[in-house]
Amino acid sequence: MNQLTVRGFDDALSDSMRRLATREGISLNEAALKLMRKGAGLSDGGEKTDKIGNELDEFIGSWTAEEADAVNAAIEDFETIDESAWE
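A quick note: this is a predicted structure, and the numbers were derived from the prediction, not measured.

Calculation criteria
- Residues numbered from 1 in each chain as written.
- Predicted model: local features only at pLDDT ≥ 70, side-chain atom pairs only at ≥ 80, totals over all residues.
- Heavy atoms only, no water.
- Helix = DSSP H or I, 4+ residues; strand = E, 2+ residues; numbered from the N terminus.
- Buried < 20%, exposed > 50% of the residue type's maximum accessible area, 1.4 Å probe, protein only.
- Expected span 1.5 Å × (residues − 1).
- Axes fitted to C-alpha atoms, helices over the stretch in contact; angles between N-to-C directions.
- Parallel < 35°, antiparallel > 145°, perpendicular 65-115°, else oblique.
- Contact = heavy atoms within 4.5 Å.
- Nonpolar A, V, L, I, M, F, W, Y, C, P; charged D, E, K, R; others polar.
- Salt bridge = Lys/Arg side-chain N within 4 Å of Asp/Glu carboxyl O.

Let us look at the overall build of the protein chain. Scanning the protein chain for helices and strands turns up four helices and zero strands. Put simply, the protein chain runs from its N terminus to its C terminus through helices and strands in the order α-α-α-α. Looking at the protein chain residue by residue over its 87 residues, the buried ones come to 8%.

This is how it looks when you write it as structure tokens:
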């Protein structure tokens, strides 16, 4: 296992790492490694990944199953194609 000393953490980065550590119940070291892996495009296992997952939900929001069902029901009429409009 390699070790690395990183200096120059600004307050915003430090706060972000602390929030991640608290939210996931992990150490600051594990939070830093997780963020570095993600920034390098690596999964926790070290493989390359293009998946974002749900990490951006706090910024873009997410729907509950009930909210998604309500939206899908509201736009259901838009799924119907009026064949006469295409003649």
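Now that the structure is up, let's keep going.
For helix α2 (residues 28-39), spanning 12 residues, the distance from its first C-alpha to its last is 16 Å, which sits close to the expected 16 Å at 1.5 Å a residue. Within two residues after α2, G41 carries a phi angle of roughly 75°, on the positive side.

Look at helix α1 (residues 11-24) against α2: their axes get within 9 Å of each other, and the N-to-C directions meet at 110°. With respect to each other, α1 and α2 are oriented roughly perpendicular. Together, M17, R18, L20, A21 and E24 of α1 and L28, A31, A32, K34 and L35 of α2 make up the contact between the two elements. Across the contact of α1 with α2, the residue classes tally to seven nonpolar, no polar and three charged.

Time to look at the pattern of salt bridges. Opposite charge on two side chains permits pairing when their charged atoms draw close. Summed over all chains, the structure comprises one salt bridge. Across the salt bridge formed by E24 and K34, the nearest N and O atoms sit 2.5 Å from each other. With a gap of 10 residues between them, E24 in helix α1 and K34 in helix α2 connect regions that are remote in the sequence. Judged by its relative accessible area of 29%, E24 is partly exposed.

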